[in-house]
Amino acid sequence: MTPTKAKTKKHRQRLGLVLFLVFALAMVMGPGPGLRLVNPEPAAVREGLLFLGLPVVYAWGLFWYGVQAAVVVTAYFTIWKPSEE
Amino acid sequence: MIDATATTDLGWLPHFCLAGYLLFLLGIGLWGFSKRQAGEEDYYLAGRGQGWMLSSLTIMATFFSSAAMLGAPGMVYKEGVVFALFALNVPLSGAMIYVLGNRIRELGRTYGHVTPADLICSHYGSPVALRCLVALIGFLYAVPYVVIQIQAGGIISSQLFGGEHAFEIGACLLSLVTMLYIMIGGMRSVAWTDALQGTLLMAGMLLAGAAAVAALGGPSAFFEKVAELPRTSLTVPGTTGSFTPEKLFTLCIFGALGSMIQPAQWMRFYAAKSAKALRRSAVIFALGLTACFLFGVMLVGLGGQVLYPVVKPVADGAFDYQVQVDGQAVTVSEADLPGHLAKGAKPLPHLDVGAGPRDFDQIMVVVLKHHLPELLGPAGLLLATLVIIAIMAAAMSTADSNLHALSAVVTRDIYAGILRPNASETSRLWVGRGVIATATLLALSMVFVSRSSESFDPIGMIMPMSLLAIAFSSQLLPVTFDVLFLKRGSRQGAIVGIVAGMLVVLMFSPLLAIITGSDSAAVSLFARLKQIADIGFCGVVVNVAVFTLLSVIGKRTRS
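Residues numbered from 1 in each chain as written. Chains lettered and ligands numbered in written order. Predicted model: local features only at pLDDT ≥ 70, side-chain atom pairs only at ≥ 80, totals over all residues. Heavy atoms only, no water.

### Quick notes on the overall build of chain B
- Along chain B, the regular secondary structure elements total 24 helices and four strands.
- Taken over C-alpha atoms, the radius of gyration comes to 23 Å for chain B, in line with the 24 Å a tight globule of 559 residues would show.
- Principal axes of the C-alpha set define a box for chain B whose edges measure 75 × 55 × 40 Å.
- Taken across its 559 residues, chain B has 61% of its residues classed as buried.
- Sequence separation of 24 or more characterises 82% of the internal contacts of chain B that already satisfy a separation of 6 or more.
- For chain B, the accessible area works out to roughly 20000 Å², and carbon and sulfur atoms hold 66% of it. (Helix = DSSP H or I, 4+ residues; strand = E, 2+ residues; numbered from the N terminus. Rg over C-alpha atoms; globule rule 2.2 N^0.38 Å. Buried < 20%, exposed > 50% of the residue type's maximum accessible area, 1.4 Å probe, protein only. Contact = heavy atoms within 4.5 Å. Areas by Shrake-Rupley, 256 points an atom, 1.4 Å probe, with all protein chains shown as cover.)

### Side note on the pattern of salt bridges
- One pass over the full model with this rule turns up five salt bridges over all chains.
- One salt bridge in this structure joins Arg36(A) and Glu246(B), with 2.7 Å as the shortest N-O distance. Of this pair, Arg36(A) sits in the loop between helix 1 (3-29) and strand 1 (50-51) while Glu246(B) sits in helix 12 (residues 245-260), which puts the two residues in different chains.
- A salt bridge links Arg412(B) to Asp118(B); the nearest nitrogen and oxygen atoms lie 3.0 Å apart. Of the two residues, Arg412(B) sits in helix 17 (residues 378-419) while Asp118(B) sits in helix 7 (residues 116-124), which places them 294 residues apart along the sequence. (Salt bridge = Lys/Arg side-chain N within 4 Å of Asp/Glu carboxyl O.)

### Description of the packing of helix 7 of chain B against helix 20 (residues 477-486) of chain B
Residue and element names in this part refer to chain B.
- One can describe the packing of helix 7 onto helix 20 by two numbers: an axis separation of 10 Å at closest approach and a directional angle of 65 degrees. Here helix 7 lies roughly perpendicular to helix 20, going by the angle between them. The two elements helix 7 and helix 20 meet at a crossing, and its hand is left-handed. Listed contacts from helix 20 to Leu119, Ile120, His123 and Tyr124 of helix 7 are Val479, Asp482 and Val483.
- Residue classes in the contact of helix 7 with helix 20 are distributed as five nonpolar, one polar and one charged. (Axes fitted to C-alpha atoms, helices over the stretch in contact; angles between N-to-C directions. Parallel < 35°, antiparallel > 145°, perpendicular 65-115°, else oblique. Left-handed = near helix turned anticlockwise from the far one by under 90°. Nonpolar A, V, L, I, M, F, W, Y, C, P; charged D, E, K, R; others polar.)

### A short note on the environment of Ile156(B)
All names here are of chain B.
- Mapped onto the secondary structure, Ile156 falls in helix 8 (residues 129-161).
- Measuring from C-alpha to C-alpha, the distance between Ile156 and Pro349 comes to 17 Å, with 193 residues separating the pair along the chain.
- Discounting chain neighbours no more than four positions away, the residues touching Ile156 are Leu70, Ile388, Ile391 and Met392.

### Side note on the interface of chain A and chain B
- Listed by partner, the interface residues are 38 residues for chain A and 39 residues for chain B.
- Where chain A abuts chain B, roughly 3400 Å² becomes buried across the two surfaces, and 71% of that area is made up of carbon and sulfur atoms.
- Among the residues chain A hides against chain B, the three largest losses belong to Tyr58(A), Tyr65(A) and Trp80(A). Together they make up 21% of the total.
- The interface formed by chain A and chain B includes one salt bridge.
- Counting across the chain A and chain B interface gives seven residue pairs in polar contact (both at pLDDT 80 or more).
- Looking at the side of chain A that touches chain B, the elements that each hand over two or more residues are helix 1, strand 2 (54-55) and helix 2 (56-77) of chain A.
- The element that contributes the greatest number of residues to the side of chain A that touches chain B is helix 2 of chain A, accounting for eleven residues.
- Of the residues contributing to the side of chain A that touches chain B, the split by class is 26 nonpolar, six polar and six charged. (Buried area = accessible area lost by both parts, 1.4 Å probe. Polar contact = N/O pair within 3.5 Å; in protein donor to acceptor, adjacent residues only side chain to side chain.)

### Overview of the pairing of strand 2 (residues 319-325) of chain B
Residue and element names in this part refer to chain B.
- In terms of strand pairing, strand 1 (residues 311-313) meets strand 2 through three bridges, oriented antiparallel. Across the sheet, residue Val311 finds its bridge partner in strand 2, namely Tyr321.
- Summarising the sheet, strand 2 and strand 3 (residues 328-333) pair through six bridges and their orientation is antiparallel. Note that in strand 3 the partner of Gln322 across the bridge is Thr331.
- Two successive antiparallel strands, strand 2 and strand 3, enclose a turn made up of two residues, where Asp326 displays a positive phi of approximately 50 degrees.
- Direction of pairing for strand 2 relative to strand 4 (residues 346-347): antiparallel, over a ladder of two bridges. (Pairing = 2+ DSSP bridges.)

### What to know about helix 1 (residues 13-34) of chain B
Residues and elements named next belong to chain B.
- In this model helix 1 runs 32 Å from its N-terminal to its C-terminal C-alpha over 22 residues, within 8% of the 32 Å that 1.5 Å per residue would give.
- Among all positions of helix 1, only Pro14, Leu18, Tyr21, Leu22, Leu25, Ile28, Gly29 and Gly32 are buried. Seen end-on, helix 1 carries its buried residues on one side only, within an arc spanning 110 degrees. In helix 1, the exposed positions angled more than 90 degrees off the buried face are occupied by Phe16, Leu23, Leu30 and Ser34. (Expected span 1.5 Å × (residues − 1). Arc of directions from axis to C-beta.)

### Brief notes about the packing of helix 1 of chain B against helix 17 of chain B
All names here are of chain B.
- Where helix 1 contacts helix 17, the two axes come as close as 10 Å, and the packing angle between them is 40 degrees. In the packing of helix 1 onto helix 17, the handedness of the crossing is right-handed. Between helix 1, through Leu13, Pro14, Cys17, Leu18, Tyr21, Leu22 and Leu25, and helix 17, the contact on the second element is made entirely by Leu381, Leu382, Thr385, Ile389, Met392, Ala393 and Met396.
- Class assignment of the residues belonging to the contact of helix 1 with helix 17 gives a composition of 13 nonpolar, one polar and no charged.

### Describing the layout of surface pockets
- In this structure, the second largest pocket encloses a volume near 1300 Å³.
- Lining the second largest pocket are 34 residues, and of these Gly16(A), Ile79(A), Trp80(A), Val99(B) and Phe485(B) lie nearest its centre.
- Going through the elements one at a time, helix 1 and helix 2 of chain A together with helix 5 (89-99), helix 6 (101-111), helix 12 and helix 20 of chain B are the ones with two or more residues in the lining of the second largest pocket.
- By residue number, the principal contributor to the lining of the second largest pocket is helix 1 of chain A, which donates 13 residues.
- Split into classes, the residues belonging to the lining of the second largest pocket amount to 23 nonpolar, five polar and six charged. (1 Å grid on protein atoms, 1.4 Å probe; cavity = no way out; pocket = protein on both sides within 12 Å on 5 of 7 lines; lining within 4 Å. Points joined across faces, edges and corners; volume = space filled by probe spheres on them.)

In short, geometric facts, not functional conclusions.
So this is what it looks like as structure tokens:
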């Protein structure tokens, strides 16, 4: 393996690990225990159940969907590149 | 609030559209037959030549079943916004299409594998025991999934046409047409019908969401009315308290992984033409399908809570719920609800949606049927019909893929792999067709038995049944990761691990209550466990522990 190829491989591995960690974070925070950070308390006022007019739990889900989508698109253009074929 | 009782008769349009759609599917079956080439690989994998467009649509159509179109909005209608977050399992499934699927495709192409057992057993060198187990998992996944799709066909038919036998006629029609086109055309027909059905169901999901939002007066009015729902509908863990973040997390992980390594998807990975086909499928799946979920069907469930309230407001902002206790509908206060649910009471939907606890699943059809024609007139009638046909498409696309995969599993892994290794290819193909017919009739009879018996109901609501099926297929996860990435496990570890995992999942099924009685300590223990984590997760934990332990012991003994 040439030094350039080895460097590219290492770079891809590192990027793959970062993307994996971000995706894992999105899974833990979105539908996982991270939900407790935003879940309104039983005694919260009605406005506390909303964020920008949306139910806060739903808005939280939409945000982490954005993160997941960004990771998949980045992986598509970087670590799942055609050179693997 | 819109008058929920103002039902709209859809007239004869659905009859014509549905008949045209079913005939078109049979036409695709015949086309697939005309394009056939000799051999099992062509019948089961369409010659391993599916491009990215066909691969992505058939993978999506197989993934999205009636559980997505009826079950998911039904769960949001029952539990509230918490279940909408279940959609976040879809991007993980999408990523797995490339991460797992491409490795499976490469190995399948190199060694000529057709079923999951071909790959797993060739790695561990277990021609009988492991092959039987993997085939059994395929069976335990496919049969319940086919059963719930047939049930969905019945639900749609009874909502569309009404009448005493509408459910039975719809269930029979769905099963027989599906059975016919798979038997005639094999994978080629299944994939092309899936492509049509996948397109239909994506459009249908978004349209259904738009219909629910429009029925409440547009996005702002929609969320204003949603904001007035009971607290439990807007927070975690939902109305019945079932969806704690921990449970939702394990459900998303194992729901995604389990449904991506079930036999029908596995065979779609083998059938893909190239890595590019799977890479593009992964992105389309992760982005497009999740959006259809979050902005489509989930909004139907939420809007359904406003249009067809499951609660009655009482003084001081509190609410009363309707629950079923010993077959009787009882009104209970918000404060007393958890206590009643713990004693086995089941929440009931609005009477216009259905009279039984499992009728939450009907919310999608009810919203479409009652409100789209009301909003848009004749155009709404046509759109409602199209979305209802999309629901039928979702059910048929999953049923066909699972029946086709089951046929491959039984024929290759059991009949040709163990019983008659020297069977000719022609006889194997005919056995495969026989399996499709038998499994369809078995599933159909299970739907009818469950419907006619009050005491024996193995099916229940669509979503819990799908999750049980996924829990079984999740038991292939440890060996799949080992075969594709780690390559450190032993044959004994794989066999005993799968058996242990499956036994744990079985403990959560209705079987335990049938054997030990519904009041036994074991049933209450597993019911409590089920509240904490996903069934598949519990099975996989035991499976991984046993697999690792036996593999390590085996390695030490050998060295």
